[in-house]
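# What the coordinates show
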There are 2 protein chains.
Amino acid sequence: MVTIKQVAEIAGVSFKTVSRVVNKEPGVKPQNVAKVEKAIKKLGYRPNRAASLVRKKQTNIIGFISDEISTTPASVAILKGAQDMAWEKGKTLMVFNLDPKKPNKDKLYEECLQHRAEGIIYGAMYHQAVTFSDIFKSLPTVLVNCISTADDFLSIVPDDEQAGYYVTKQLLYKGYRRIAFLNLNPNIIAAQQRQRGFLKALTEFGLNNSDYHIATIEKVVDDKTINITREVAEDVLKTFKPDAVLCGKDLAAINLYFAIERLGFKVGKDIGVASFDNWHDIPEILDPQLSTMALPYYEMGRLAVSQLLTMKQTSSFTTQTLHKVSCLLCDRKSF
Amino acid sequence: MVTIKQVAEIAGVSFKTVSRVVNKEPGVKPQNVAKVEKAIKKLGYRPNRAASLVRKKQTNIIGFISDEISTTPASVAILKGAQDMAWEKGKTLMVFNLDPKKPNKDKLYEECLQHRAEGIIYGAMYHQAVTFSDIFKSLPTVLVNCISTADDFLSIVPDDEQAGYYVTKQLLYKGYRRIAFLNLNPNIIAAQQRQRGFLKALTEFGLNNSDYHIATIEKVVDDKTINITREVAEDVLKTFKPDAVLCGKDLAAINLYFAIERLGFKVGKDIGVASFDNWHDIPEILDPQLSTMALPYYEMGRLAVSQLLTMKQTSSFTTQTLHKVSCLLCDRKSF
DNA sequence: TTGTACGCGTTATCAC
DNA sequence: GTGATAACGCGTACAA
């Protein structure tokens, strides 16, 4: 490997001058800058990051630990957002995936510490509560899409209540008055908060118990969540006879579309449909295209990095705030 | 930050002994090991990776450059596979995402070089040909899900011809004799190869031109690929009247299911359906569940790392081989 | 089994 | 503007 000293020799200057050129420090004669740059090119020199890190205080490394995040298409965007913001701020993200079979956060955190990461972002697959050991307090840490069971970290989560509230309001504005909510597993935070928003919107409009219906489209058997949208949707459509259906996720909206068609109705004309996620290509591929509340994963990823950097500047480790990021309606054709 | 010397002082040994304990070198008195470990715990010492990398030849870092890979749900698995294998082999993956707006592979490669990565994996979003500058030859490099236009790198791609061949054979075995192939954009390598496999299987069964029909479900307008499965499927179903349809991707199979139902047919009973991808939850959510050729992304990711390490061992930089990874049929209920 | 001298490639300090 | 020299935290070689 080519070192700074070899470059110095070829360029005919001291190695410190080479260092100045490499780091773009001011105060080097343009003539020498040229000589050094020529030598660098000739030898194919690359600065050794590790050696530089030994001396510098700033490593510019941020650790990103993901709880299976990168296998979940919807929330891959978190990683993308974090990476983009990190790049803009001159930081490098070191990404680690938790092994679902033996999830040992602490080991990965250890890895980040050894690399002298300046902070950690922990991203979860879905909005949930997670328990962290004390080792996580060694560095500024930001949680994304989850909260700590001990509530001792800065968390960035989607504002699910606002999402439920907003989309319901939109349905009501458009004149729908008999709304069924096919909600996710009620154990999930998102499901609870969306339901609260849903009910709040209905109340504001003066609707009462008989005007809405809530069902769950997920059943948990042996720790596995199974999707029962098809049966539930058919049942609700037949018995409750809604004029609009709010669905817990885009994927399940596929089943809902089928159920509606099978009963001879037309989505968007006879029955309005709304959903949550804006999961990649699914809303566009459905006919009519699905109007859905987009979960702001990309923005959350960006925010995580910028919040982390703010924490470091103000050196306020103990910021235990909850950042709720608003969800936007992707308005298409289904209601 | 705590250093090895401070640990040595507390433990009452020389810092070299601490180094031995940390690196698990043999030949330290158990008594001293205990003393050192106690001191490490007490001080909260973490080895400084950067400092160690300066001295060691092996950095154990592999660079992973992804062409928007991590936003594509189907191929996120490549990253996951690479990460798992890297972890098993004691390597750390440094992940970089290409910015789709200004894709500059070389800059990210430079970054990897500065970190003294031992090799590079370049992953693409879909099976395609990519052009690389000469800088990519400074390190052992493996391409995943793409090939080089100059054909000068080791590539790992799905065996799309085998996939097309195998699934068609299965359709034929089950007795289907009038098969429509709703293929992807014919500019895509995968589409071409699958079609070859499709035709090969038909020929082997002695079927002729009138027994199959090939249509494309993607239209390119202004550099954007738009999905026209719905119209195409309805047309093909009405005019060609197939007894089975092979679909280019799971997502489009959703449209196909709708088209089939609207014409009063039942998927799996009246018309068999097969597809490509095994894209997350989509095959399971459809009714009946979709039988589809799974693209072996996870395996490809694993293979990329192991091949890279093999290249390094044999120091055969110029291996310009094409590794085709077989696809497996996920047999469900749709044919 | 343990410790010392030295070097890795870089940045920081300060004198020239 | 420039260049010695020290220092960073650790591994290697070899001596004790």
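Criteria and thresholds
Residues numbered from 1 in each chain as written. Chains lettered and ligands numbered in written order. Predicted model: local features only at pLDDT ≥ 70, side-chain atom pairs only at ≥ 80, totals over all residues. Heavy atoms only, no water. Near = heavy atom within 4 Å. Polar contact = N/O pair within 3.5 Å; in protein donor to acceptor, adjacent residues only side chain to side chain. Helix = DSSP H or I, 4+ residues; strand = E, 2+ residues; numbered from the N terminus. Least-squares fit on C-alpha atoms with pLDDT ≥ 70 in both. Contact = heavy atoms within 4.5 Å. Buried area = accessible area lost by both parts, 1.4 Å probe. Salt bridge = Lys/Arg side-chain N within 4 Å of Asp/Glu carboxyl O. Nonpolar A, V, L, I, M, F, W, Y, C, P; charged D, E, K, R; others polar.

In the annotation of an unreviewed UniProt entry, the entry for chain A reads LacI family DNA-binding transcriptional regulator, and the organism field reads Catenovulum adriaticum.

Taken together, the neighbourhood of DNA strand D is formed by 24 residues, with A:Arg20, A:Asn32, B:Ile4, B:Lys16 and B:Tyr45 sitting nearest. For DNA strand D, the backbone portion of the atoms within 4 Å of the protein, that is sugar and phosphate, comes to 60%. Here B:Asn48 contributes a backbone N or O atom positioned 3.1 Å from a phosphate oxygen of DNA strand D. Elements that contribute at least two residues to the surface near DNA strand D include exactly helix H2 (15–22) and helix H4 (49–55) of chain A together with helix H2 (15–22) and helix H4 (49–55) of chain B. When residues in the surface near DNA strand D are grouped by element, the largest group, 4 residues, is from H2(A).

Right, let's get into the relation of the copies chain B and chain A. When chain B is fitted to chain A, the residual RMSD is 0.2 Å, and the transformation amounts to a turn of 180° plus an axial shift of 0.0 Å. The superposition of one copy onto the other is thereby described by a two-fold rotation axis.

For the rest of this paragraph, the subject is the protein's contact with DNA strand C. Among the 26 residues in the neighbourhood of DNA strand C, the closest are listed as A:Ile4, A:Tyr45, B:Thr17, B:Asn32 and B:Arg55. Here DNA strand C approaches the protein such that, of its atoms within 4 Å, sugar and phosphate make up 61%. Within the contact set of DNA strand C, a base oxygen lies 2.9 Å away from a side-chain nitrogen or oxygen of A:Arg55. Contacts to DNA strand C include B:Arg20, whose side-chain N or O atom sits 2.8 Å from a base oxygen. For the surface near DNA strand C, the elements supplying multiple residues, two or more each, are helix H1 (4–11), H2 and H4 of chain A together with H2 and H4 of chain B.

At the junction of the two partners, chain B supplies 51 residues and chain A supplies 51 residues. Where chain B abuts chain A, roughly 5000 Å² becomes buried across the two surfaces, and 59% of that area is made up of carbon and sulfur atoms. On the surface where chain B and chain A come into contact, there are 10 salt bridges. With a shortest N-O distance of 2.5 Å, B:Arg262 and A:Glu261 are connected by a salt bridge. Across the chain B-chain A interface, the total number found is 18 residue pairs in polar contact (both at pLDDT 80 or more). A total of 8 residues in the side of chain B that touches chain A trace back to one element, the largest contributor, which is helix H10 (residues 250–262) of chain B. Its residues assigned to classes, the side of chain B that touches chain A shows 27 nonpolar, 11 polar and 13 charged.

Residue and element names in this part refer to chain B. Scanning the entire structure with this criterion turns up 32 salt bridges over all chains. Salt-bridge contacts for aspartate 84 lead to lysine 80; the nearest nitrogen and oxygen are separated by 3.5 Å. Of this pair, aspartate 84 and lysine 80 both sit in helix H5 (residues 76–88), 4 residues apart, which is roughly one turn of that helix.

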